[in-house]
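The residues making up each chain are set out below.
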Amino acid sequence: MDCLFCKIISGEIPSSKVYEDEWVYSFKDINPQTPVHILAIPKEHICCIDEVNSSNSSYVARIFEAIPKIAAEAGLTNGYRVISNCGDDACQTVKHLHFHIMGGRKLPENMG
Ligand code: AMP
Ligand code: ZN
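Within every chain, residues take consecutive numbers counted from 1 along the sequence as written. Whichever chain is written first becomes A and whichever ligand is written first becomes 1, with later ones labelled in order. In keeping with the predicted nature of the model, local features appear solely for residues at pLDDT of at least 70, side-chain atom pairs appear and are counted solely at 80 or more, and the whole-chain, interface and lining totals rest on all residues. As a rule here, side-chain values cover all heavy atoms of the structure and leave hydrogens and water aside.

A.B. asks: Quick question: what am I supposed to make of the site of ligand 1 here?
C.D. replies: Neighbouring ligand 1 are 16 residues, the closest being D29, N85, T93, H98 and H100. Polar contact is the term for a pair of N or O atoms within 3.5 Å; when the atoms are in protein, one must be able to donate a hydrogen and the other to accept it, and sequence-neighboring residues count only if both atoms are side-chain atoms. One of the backbone nitrogen or oxygen atoms of C91 is found 3.3 Å away from an oxygen atom of ligand 1. Measuring from an oxygen atom of ligand 1, one finds a side-chain N or O atom of H98 at 2.9 Å. In isolation ligand 1 exposes 500 Å². Once the protein is present, 84% of that is buried. Both cavities and pockets are sets of points on a 1 Å grid over the protein atoms alone; in a cavity a 1.4 Å probe fits but cannot get out, in a pocket the set is open with protein on both sides within 12 Å along at least five of seven lines, and lining residues sit with an atom within 4 Å of a point. Grid points define the cavity or pocket, and a molecule sits in it when more than half of its atoms lie within 2 Å of them. Cavity membership is defined here by more than half of the atoms lying within 2 Å of grid points; on that basis ligand 1 lies in the largest pocket. Segments assigned H or I by DSSP are reported as helices when at least four residues long, segments assigned E as strands when at least two residues long, and all are numbered from the N terminus. Ranked by the residues each element gives to the shell around ligand 1, the list is headed by helix α1 (residues 4-10), at three residues. We call a residue near a molecule or strand as soon as one heavy atom of that residue lies within 4 Å of the molecule or strand. For every accessible area listed, the method is Shrake-Rupley and the probe measures 1.4 Å; residues are considered covered only by the protein chains on display.

Written as structure tokens, this is what we have:
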């Protein structure tokens, strides 16, 4: 399968890893929109939130268990935002489920 984030997980494409466990891979976004901009992804290929179901939702749970650790390690002591774009209207560009962890400054209240 020709998936950029699967290639990042396998190491075929390099990334700046910040966290990894059996279920989750996390790395710095290559085009940061905030002072801290990290992505957290499941190690199984799931295209987006639309494809989450009872047989793969444990990956999502593991990601959300990892996020507080990733945020603390990144120094996000005053809060952060987690975003997952799903589909064209949300401008999802990489079709492998990912959660943006964003912070390091006060973020705008308006999200859309
Ligand atoms: P989305 O638009 O929600 O699909 O987000 C995809 C994100 O992946 C964007 O923020 C990109 O900057 C990021 N991205 C694309 N290619 C890479 C890469 N090789 N390494 C790290 N982040 C990437
Ligand atoms: Zn993938």
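Here the narrative resumes, following the displayed structure.
A.B. asks: Whenever I open this one, the environment of G103 confuses me. Can you help?
C.D. replies: Within the element layout of this structure, G103 appears in strand β5 (residues 99-103). In this description, contact between two residues means that some pair of their heavy atoms is separated by no more than 4.5 Å. Those residues within four positions of G103 in sequence are excluded, and the remaining contacts are T34, P35, V36 and L76.

A.B. asks: In this structure, what is going on with the sheet that holds strand β3 (residues 36-42)? I would like to understand it.
C.D. replies: Strands in a sheet are paired, the pairing made by backbone hydrogen bonds, and the direction either parallel or antiparallel. Taken in spatial order, the five strands line up as β1-β2-β3-β5-β4 in an open sheet, and their pairing is antiparallel. Taken across any chain shown, the strands that pair with only one partner, and hence form the sheet edges, are β1 (17-20) and β4 (81-83). Each strand of the sheet is rotated relative to its neighbour by a mean of 20 degrees, with strand direction disregarded. A strand pair is defined by DSSP finding two or more bridges across the two strands. Bridging between β4 and β5 involves three bridges; their strand directions are antiparallel. What sits directly across from R81, in β5, is M102. An axis is simply a line fitted to the C-alpha atoms; with a helix, the fit covers only the stretch in contact. Between two such axes, the angle follows the N-to-C directions and lies from 0 to 180 degrees.

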